[in-house]
Amino acid sequence: MKKLFSIPLILLATLVFTSACSEDDLIHDGQELTTPEEDDGEEGYEGTEDGGNEAGGNMEGNNGRYLVLYCSRTGNTERMAQTIQSTLNCDMIVVEPETPYDDDYNAMLDRAQTELDAIEQGNYPAITTSVESFDKYDLVFIGYPIWHYHMATPMQTFLYKHADLLAGKRIALFASSGSSGIGTSERDAATLVPDAVFEESLLLTSSSLGSMATRIPEWLESLGASREEPDTPDATSLNINIIVGGQTITATMEDNGAARDFLSRLPMEVTLEDYNNGTEKIFYPDPELSLDDTPRGCAPVAGDITIYEPWGNVAIFCRDWSESNSLIKIGHIDGDGISLLQGPESVNVRFERQ
Ligand SMILES: Cc1cc2nc3c(=O)[nH]c(=O)nc-3n(C[C@H](O)[C@H](O)[C@H](O)COP(=O)(O)O)c2cc1C
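Keep in mind it's a predicted model, so treat the numbers as computed, not measured.

(A) Highlighting the site of the ligand. For the ligand, the set of nearby residues contains 24 residues, the closest of which are Ser72, Asn76, Thr77, Pro145 and Gly178. Elements with a minimum of two residues in the shell around the ligand: α3 (76–88), α4 (105–120), β3 (139–147) and β5 (170–177).

(B) A look at the nonpolar core. With 50 residues, the main nonpolar core has Tyr66, Val68, Leu69, Val140, Phe141 and Met155 as its most contacted residues. Examining the composition of this core, we find that seven residues originate from one element, β3, more than from any other. In this view, leucine 69 contacts Ile93, Val95, Val140, Phe141, Ile142 and Phe158; residues no more than four positions away in its chain are not counted. Membership of the second largest hydrophobic core comes to 27 residues, among which are Ile240, Met253, Ile330 and Ile333.

(C) Fine view of the sheet that holds strand β8 (residues 239–244). Taken together, eight strands build a closed barrel; the order of strands is β8-β9-β14-β12-β13-β11-β10-β15 and the barrel is antiparallel. For this sheet, the mean inter-axis angle between neighbouring strands, taken without regard to orientation, is 35 degrees. Bridge count between β8 and strand β9 (residues 247–253): six bridges; the pairing is antiparallel. The residue bridging isoleucine 243 from the neighbouring strand is threonine 248, located in β9. Strand contacts of helix α9 (residues 257–264): β9, β12 (304–308), β14 (327–333) and β15 (347–353), with the helix running at about 55 degrees to β14, the strand carrying the most contacts.

(D) Spotlight on the environment of threonine 153. Note that threonine 153 resides in helix α5 (residues 153–161). Through-space distance from the C-alpha of threonine 153 to that of alanine 112 is 7.0 Å; in sequence the pair is 41 residues apart. Excluding residues that lie within four positions of it along the chain, threonine 153 makes contacts with Ala112, Glu115, Leu116, Ile119, Pro125 and Trp147.

(E) Here's a closer look at the environment of lysine 161. Note on placement: lysine 161 falls in helix α5. For lysine 161, a count of 17 C-beta atoms within 10 Å gives the class partly exposed. In this structure, the C-alpha to C-alpha distance between lysine 161 and leucine 192, residues 31 residues apart in sequence, is 8.9 Å.

(F) Geometry of the pairing of β3. Of all nine residues in β3, nine are buried, a share of seventy percent or more. The sheet contact formed by strand β1 (residues 63–70) and β3 spans five bridges and is parallel. The partner of leucine 69 across the bridge, within β3, is isoleucine 142. Pairing of β3 with β5, which is carried by seven bridges, proceeds in the parallel orientation. Counterpart to proline 145 in the pairing with β5 is serine 176.

(G) The confidence of the model for the chain, seen in detail. Predicted confidence across the chain gives a mean pLDDT of 85, with 82% of residues reaching 70 or more. Low pLDDT (under 50) marks residues 1–55, which in the prediction has 97 contacts with non-local residues, meaning those over four places away or in another chain.

Thresholds, definitions, all that
- Residues numbered from 1 in each chain as written.
- Predicted model: local features only at pLDDT ≥ 70, side-chain atom pairs only at ≥ 80, totals over all residues.
- Near = placed C-beta within 6 Å.
- Helix = DSSP H or I, 4+ residues; strand = E, 2+ residues; numbered from the N terminus.
- Core = buried A, V, L, I, M, F, W, Y, C linked by C-beta atoms within 7 Å.
- Buried ≥ 20, exposed ≤ 12 C-beta atoms within 10 Å, placed from the backbone.
- Contact = placed C-beta atoms within 7 Å.
- Pairing = 2+ DSSP bridges.
- Axes fitted to C-alpha atoms, helices over the stretch in contact; angles between N-to-C directions.
- pLDDT = per-residue confidence, 0-100.

Below, the structure is given as structure tokens:
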């Protein structure tokens, strides 16, 4: 994805970055400002400081296959992240430094250099963001601004801290810069998460940020990332999943009116309360389930999902119980799945169609 570029533009970018950084920074950095391998040859990054730190943040999307992680001080990388998120309708998490970014640009340049030097010594600046698991994601997008040619330090810390969890994951890097290339930061990422699988990266500079609306969809397409929603559940199936404390058990619903009304409300998250010392787990659907076309009377056994008609509550039996004409069977938890619901505690569960 790197492009060749013309020498005059490199010089221009060099001049702009030189004027933005203190001499010490540049000498200390010990690098040339731009190299043909590293620079897009686009203009310098003057004017990118007023990107405005828009209210960004974490978002949950319907498409659970992708995650966008980003850090951004002035909003450029954030706009890239938001474009990816809205194109794919996926989850997004912002990585924040524990010490807020400096508003003053020169102070930020100095601080970034100090933090990069510290990272070289193995000391990573603190961040406030962590992720427990990336298991559900096929592809993780990681975005950051280029700081002194490197990946911005908050994201370096994030990758350092999550290297084990990201091992084996597909990662697509994206970055914004004034003019510098993405190569050095790609090497940062490969060092921090050596066992990840890196896909083609995307860099937008101050002169190409404006074409974000076309560049990002093209890039996503080249990665095979699409908005395709997860499989829609089979509307005719009577099989459901019940997720209890991270574990999934299954149930088979009856083919009657009340069970169909229940199925039509899924997914549904409820708290099941204990009733009668571990006999039942109950909750009150609101509105009550329709009882049209539903036979009454049932002799419940452990695992039966019923409705108690006088109160309108759903009652899941944790043990066998006596027959009642007021009970209506709407389903049964498969196998010994009911064991996850036994005990006197309340439990939060999610019912969803398979
Ligand atoms: C500390 C710091 C260092 C920077 N170093 C570079 C650099 O090496 N090369 C470059 O082209 N731009 C550099 N920039 C400019 C940013 O990469 C650019 O403005 C970027 O789009 C900012 O992204 P953000 O709005 O998401 O924070 C630097 C900016 C800062 C604050």
